[in-house]
Structures are given as C-alpha cells and as structure tokens.
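# Coordinate analysis (summary)
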Amino acid sequence: MNVQDQPNVNGRAVAAPQWRCAGLMARLGPRFGTELPPAALPNLRWVARSDGLATQLGLTDWLNTPDALALLGGNALPPIGSPRASVYSGHQFGQWAGQLGDGRALLLGEIDTPAGAQELQLKGAGLTPYSRMGDGRAVLRSSIREFLCSEAMAALGIPTTRALAIVGSTAPVRRELMETAAVVSRVAPSFIRFGHFEHFAHTASDSQALQALVDAVVEQFYPDCQHAPNPALALLEAVSRRTAVLLADWQAVGFCHGVMNTDNMSILGLTIDYGPFGFLDAFDPSHICNHSDHQGRYAFSRQPNVAFWNLHALAQGLQPLVTAANCGGGDPIDALKAAMEPYKSVFAETLQARLRAKLGLTVDHADDADLFDDLLRLMAQDRTDYTITMRLLSRFSCAEGAENAALQDQFIDVAKFTAWAARYAQRLRWEASVDADRAARMDRANPKFVLRNHLAESAIRSAQAGDFSELDRLHKVLAAPYDEQPDAPAAYAALPPDWAHQLEVSCSS
Ligand code: AMP
Ligand code: MG
C-alpha cells in the first residue's frame, strides 16, 4: 500500500509530507546501501508524538491520520522513492569492527519542510542486509529512551537528530526478557556517520564512492568547503569544529553518550543513536553510564578525547582523497592533522563560554578558568547533584554577607564551599553583576529539568503496562527545560530516589 498524497481529517485535506524525488542517499546510488521495504508489524498504535517537531515540519494535522500511523509504523510505503538501509563500517570500543550498516534503520526518504530538507528514518523497521546477528527490531523501552532524549536535547538547544513519533506494536521481541516492538521515526538533515567514510576507505576500498560521498555531503551541508583547494580536508576541519561544539554542549549539561563508536558519530555534529546514555546525577567526572563499558572508555570526562580520537578515524577514512599533489605539496598526514587541530581550541573556548554562561559571567577575567575548575572539583569531591547545584547557582546573591543557604546545603565540605562562594561573590561584584538580571540569564543556561534515568524508567514501566500518560507528561516538561514550570511534578527536578541507583543501562535495545 502507498500512502495517499492528500489524507483527510474529518473530511478536510491535510498537508502530507512533501517527498523529494531523490534524497542524498538515493542520489548516491546502490553502492551506498540496499533498497528494501520495512517489515510490517501487527496492531500498530501511537505511543508518543512530538507536537513541537510536527509543527516545525508542518505535519501537525498529518500526524493525526491513520496514514501517518501506517507509514511511521512501517506498514506503508512513501508515495515516491524506495526505503533503503545504508552501509557503513566503524570502530567500536577502539577496535576496527569492519562492516556494520543500518541493521534496523530504514531511510524512508527526504521531505521538504519549513525547516528545510529532512530525512525521515524508521528505527526498528525490520531486518536489513546489515542486521548481522540482530533481529532488526527495537523494543518499546529503548524507543521511549531515544524519543524522550532526542526531544529533550533539542529543547536544551543541543544539536541532535529528532524524534517525530513512537509507534508501538504487540509483536514480541526477545532481549534479556521478552518485550514488545516499537518503531521510532527519526528526523535529521542527514544520518551520515563517520563510519560511512571509513567504509569506503577501508572495507569497500572504493575511492570513487568515497569522493562521491564527500562531494555530496559538502555540496548539501558544507557549501563553504566546496571551493577549498581540497574539499575533503576542508570537510574534516569543518566537522572537527562542529564536533567540538557538540562535545562542549554535552560536557556543560552533564550528558554522557555511552557508546561513542565512530558509527555513532554524525558528520553534521549531531547527537545520534541514543542507547545507554545518561545525564549526570551526582557530579562524578569518571561516571560510566553504559553498563557494558567495562573499561570506562566512554566515561563522562573522557568524551572530549574520544571525540578527537574518532576524528582521527574519520581522517583515516578521508586519507585516500588527500595526496601531496592536492594538499599543497606537503605531507598528507600533516595536512590531515592540521585540519583536526581546531578541535582543541574550539572545544576549550566553547566549554569556557558555556561555563561562563552557567556562572552568569559576562566579562572575561584571567582567573575564571580557576573559578570553574575549583567549583567542579568541589562538586566532584562532595558528589553534589550536577543539575540541581547549577540551577541553585542562578539564585546566588553576591551581596556582602549573603548566606546562599540552599546552595551551601548541597555541599558537605562547608568551609571549602564558603571560601569558593566568597571568591565567586567578589568576582561578580567586580563586574557589577545585578543578582536579579543574572538569575534570569543563568536560568537560560542551567536547565531545571533533564532526562534523568529514573524518570525515563518510570515512563517506560507505565508505558509497558499500557499507560502512556507519564511519558506524555515527562515529554511536555522536558520541552521547556529552562522554565520554572511550577506545576511540573516536583520529583522531575529533585534528587533521584534510592531505587534509581540500582538502574543499569546497557547496549541492549
Ligand atoms: P548501536 O550500538 O545500537 O549503535 O548498534 C551498532 C550496530 O548494530 C548498528 O549497525 C546497528 O544497526 C546494529 N544493531 C543494533 N541492534 C540491532 C538489532 N536489534 N537488529 C539489527 N541490527 C542491530
Ligand atoms: Mg549506532
């Protein structure tokens, strides 16, 4: 069945997705993947929908139609084009893993939207030639985690793939326990990963395909690189810069990705592939959110270095396109290294800027880095809650003799906190900071609400029992993470309950 161009709601025609004849993947051709339809699922029903994203895409009415349910559940085909799974390779946990590919994701195609051209992808839509040992499915549990976190990250202002909806099914799926299948519809300008480049450099050894991929990505997403002496090198530099900004965003908000393999790194610098991610509760730089990451390779504080390591893997993937002749006559390896070099300064500068905003500082001062470091060290020592402490900082008064009791109560080492608070107060007075103005500004930098693991878990448990109201409530609150939202459940902004410490999140999804 093909979905109609003009579905109806109450007899009124609604705007359906405007499909493009050939998206980037389709233009690249068969070397880049395999065309195949999604595998249908029984008893489809809506689990969640993102009204915010639907509005941005101009699909609000359409998302209420049976056509949308069938399409986003994998039981119908788009009116033009063919769904396809793409092939990529990658490094997993530091080792070359060879060919991977979309094992359970299918690109439905590209649509024109008020927010520009977007790819629409189904995750969990059935087996593909790249499924390896997997079953091509995603379970309700992991789909809810991906949906909630994509939308929460977008609301935080952090680059990410988006999630339009979750469609649930009664089909059983075996993980550690028996669960049920779901399909997340993901939206992004492109789902191309570092691993796509690695694939054509190493697995397929096809430098023509590699060149075509670079040309297509540069033309559509990095037009400024088109006229560089070597577009592949210019692309590497541009991706290094975007990745640096992304990592600064993650570190500033306390987000731990969990599986930073090169196949989970977006060429657009988006957060992609939400698996065993976590937001920090107690501030612990060595926090490992992925229960399967025994070595702590992807621990919170290691993420910025891992991203740089991953950029080296991308550089190796681009190396076939960089020769002495086309990189200015120098050593190609030096040219690739130079292209990645801005990562370090952009990351450091962006993180400083994010921390400056979190502390409400508007003027640069040479001692600020020490002020940030000492606060974070103290928070790590006392394991204060990252989100709560930062939000309370917005209420800090820099008046002489002010007590700042609520903030102080977060710390065990009161003497050290008091000493730090005195420096901070003095620093604020130095730039004549006004408490109320600063508080309003800082509330835009220090979210009150993040997707803590236990909040996702509660929504999942209710949804597994057939009640989606908790998922809906949490999704709505996370859509405005910087707002006070006095009507939101107090638990959403509170310390995690004791049972939350037993939660373990692994790669199983
Ligand atoms: P991930 O760690 O979730 O990013 O997945 C790594 C690779 O395994 C990707 O190529 C996925 O497409 C694939 N994969 C993960 N889960 C499944 C599954 N249930 N069925 C098929 N492929 C899967
Ligand atoms: Mg992945």
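Residues numbered from 1 in each chain as written. Chains lettered and ligands numbered in written order. Predicted model: local features only at pLDDT ≥ 70, side-chain atom pairs only at ≥ 80, totals over all residues. Heavy atoms only, no water.

### Structural notes on the overall build of the protein chain
Within the protein chain, the regular secondary structure consists of 17 helices and 15 strands. In terms of overall dimensions, the protein chain is globule-like: its C-alpha atoms have a radius of gyration of 24 Å, near the 23 Å expected for 509 residues. Considering the protein chain as a whole, with its 509 residues, one finds that 58% of them fall into the buried category. When contacts within the protein chain are restricted to residue pairs at least 6 apart in sequence, those whose partners lie at least 24 apart make up 73%. Across the protein chain, the mean location of the 43 positive side-chain charges is 3 Å away from that of the 55 negative side-chain charges. (Helix = DSSP H or I, 4+ residues; strand = E, 2+ residues; numbered from the N terminus. Rg over C-alpha atoms; globule rule 2.2 N^0.38 Å. Buried < 20%, exposed > 50% of the residue type's maximum accessible area, 1.4 Å probe, protein only. Contact = heavy atoms within 4.5 Å. Lys, Arg positive; Asp, Glu negative; His and termini not counted. Charge placed at Lys NZ, Arg CZ, Asp CG, Glu CD.)

### A few points about the side chain of serine 185
For serine 185, the location among the structural elements is in strand β13 (residues 178–188). Given a relative accessible area of 1%, serine 185 falls into the buried group. Once you skip the residues sitting within four places of it in the chain, serine 185 turns out to touch Leu72, Leu120, Gln121, Leu122, Arg162, Ala163, Leu164 and Ala165.

### Description of the site of ligand 1
Taken together, the neighbourhood of ligand 1 is formed by 17 residues, with Gly101, Gly103, Arg132, Asp135 and Gly136 sitting nearest. Glycine 103 has a polar backbone atom sitting 2.8 Å from an oxygen atom of ligand 1. Measuring from an oxygen atom of ligand 1, one finds a side-chain N or O atom of arginine 132 at 2.8 Å. Relative to its free-state accessible area of 480 Å², ligand 1 is covered by the protein chains to the extent of 81%. (Near = heavy atom within 4 Å. Polar contact = N/O pair within 3.5 Å; in protein donor to acceptor, adjacent residues only side chain to side chain. Areas by Shrake-Rupley, 256 points an atom, 1.4 Å probe, with all protein chains shown as cover.)

### Comments concerning the pattern of salt bridges
Applying the stated criterion across every chain, the model contains 34 salt bridges. Arginine 241 is the salt-bridge partner of glutamate 237, the closest N and O atoms lying 3.0 Å from each other. Taken as a pair, glutamate 237 and arginine 241 lie in helix α7 (residues 231–253) at a separation of four residues, close to a single helical turn. The partly exposed category is assigned to arginine 241, whose relative accessible area is 37%. (Salt bridge = Lys/Arg side-chain N within 4 Å of Asp/Glu carboxyl O.)

### A few points about the pairing of strand β9 (residues 105–112)
By the criterion of burial, β9 is predominantly enclosed, with seven of the eight residues buried. Note: strand β3 (residues 18–19) against β9, two bridges, orientation antiparallel. Bridge pairing in β9 links glutamine 18 to aspartate 112. Here β9 runs beside strand β10 (residues 118–123); their pairing, made up of six bridges, is antiparallel. From the neighbouring strand, isoleucine 111 faces β10, where its bridge partner is glutamine 118. Here β9 folds back onto β10, and the loop between the two strands holds five residues, one of which, glycine 116, carries a positive phi near 90°. (Pairing = 2+ DSSP bridges.)

### Observations concerning helix α12 (residues 386–393)
Judged by how many residues are buried, α12 sits mostly within the fold: seven of eight residues are covered. What α12 keeps buried is the set Tyr386, Thr387, Ile388, Thr389, Met390, Arg391 and Leu393. On its buried side, α12 packs onto α7, α10 (342–358), α11 (368–382), α13 (405–408), α14 (414–430) and α15 (435–443). N-cap assignment for α12: the residue whose side-chain oxygen lies 3.2 Å from the backbone N of threonine 387 is aspartate 385.

### Things to note about the coordination of the magnesium ion (ligand 2)
Looking at the magnesium ion (ligand 2), the protein donor atoms are Asn264 (OD1) and Asp273 (OD), and they sit 2.0 to 2.2 Å from it. We note that asparagine 264, like aspartate 273, is buried. (Donors = N, O, S within 2.8 Å, 3.2 Å for Na, K, Ca; no water.)

### Quick look at the domain arrangement of the protein chain
Entries for the protein chain in the domain assignment read domain 1 (8–194) and domain 2 (361–443). Once you take the C-alpha centre of each, domain 1 and domain 2 turn out to be 43 Å apart. (Domains from an automatic or database assignment.)

### Some details on the packing of aromatic side chains
The way to describe two aromatic rings as a pair is by their centre distance and the angle between their planes. The tally for this structure, following the rule as stated, stands at 14 aromatic pairs. Taking 5.7 Å as the distance between ring centres and 90° as the angle between the ring planes, the aromatic pair formed by tyrosine 274 and phenylalanine 277 counts as edge-to-face. Here tyrosine 274 matches phenylalanine 277 in class, with each residue buried. Plain terms: the ring middles of phenylalanine 308 and tyrosine 343 are 5.3 Å apart, the flat faces sit at 20° to each other, and that makes the pair stacked. You can see phenylalanine 308 sitting in helix α8 (residues 303–318) and its partner tyrosine 343 sitting in helix α10, a full 35 residues away along the chain. Take phenylalanine 308 and tyrosine 343: they sit in the same class, and that class is buried. Clustering of aromatic rings is evident, with ring pairs tying together Trp250, Phe255, Tyr274, Phe277 and Phe279. Positioned above the aromatic ring of phenylalanine 277, the side-chain terminus of arginine 145 is 4.1 Å from the ring centre. The side chain of arginine 297 reaches across the aromatic face of tryptophan 309, ending 4.7 Å from its centre. (Phe/Tyr/Trp six-rings, centres within 6.5 Å; stacked < 30°, edge-to-face > 60°. Lys NZ or Arg CZ within 6 Å of the ring centre and 35° of its normal.)

### Considering unusual backbone geometry
Note on backbone geometry: most residues besides glycine have negative phi, and most peptide bonds are trans. Unlike most non-glycine residues, phenylalanine 93 shows phi in positive territory, near 50°. Checked against the element boundaries, phenylalanine 93 lands in the loop between β7 (89–92) and β8 (95–99). Judged by its relative accessible area of 30%, phenylalanine 93 falls in the partly exposed class. Located in the positive-phi region is arginine 383, a residue other than glycine, with phi close to 50°. Among the secondary structure elements, arginine 383 is positioned in the loop between α11 and α12. The class of arginine 383 is partly exposed, set by a relative accessible area of 44%.

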